[in-house]
Amino acid sequence: MDLAGLKGETRGQPLDPRQGLPVPDATHQVKQALNAVTGDLVVVVDREASVANLEKTAALRGHGFDRRETSQGVYRVTLKHS
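This section reports on the structure supplied with the text.

Procedures and definitions
Residues numbered from 1 in each chain as written. Predicted model: local features only at pLDDT ≥ 70, side-chain atom pairs only at ≥ 80, totals over all residues. Heavy atoms only, no water. Helix = DSSP H or I, 4+ residues; strand = E, 2+ residues; numbered from the N terminus. Buried < 20%, exposed > 50% of the residue type's maximum accessible area, 1.4 Å probe, protein only. Contact = heavy atoms within 4.5 Å. Lys, Arg positive; Asp, Glu negative; His and termini not counted. Charge placed at Lys NZ, Arg CZ, Asp CG, Glu CD.

1. So, the overall build of the chain
On a plain count of helices and strands, the chain comes out with 2 helices and 4 strands. Walking the chain from its N terminus toward its C terminus, one meets helices and strands in the order β-α-β-α-β-β. Along the first, second and third principal axes, the C-alpha set of the chain runs to 40 × 25 × 25 Å. Across the 82 residues of the chain, 33% fall into the buried class. The long-range share in the chain, meaning contacts at least 24 apart out of those at least 6 apart in sequence, stands at 57%. Here the chain carries 11 positive and 10 negative side-chain charges, and the mean point of each set is 2 Å from the other.

From the geometry alone we can't say anything about function, so treat these as descriptive.
Structure below.
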């Protein structure tokens, strides 16, 4: 994940040929990024399931959470450090 300006892009990851899912998935990329940054983290995802998983991750870590659909099926998610 490129963290330029604390904004991560998770789309376009290679797909696992057996499951058809991105490797690594957005949740794992964000967990690693949260360990590396001290400010808010903005992430672009293209799956509703990824948004739900990131919301759970934010809650477990005590971070604020905001989501905005920027275009059809593309979401801008912000995890806010407390």
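This is not the end of the story, as more comes after the structure.
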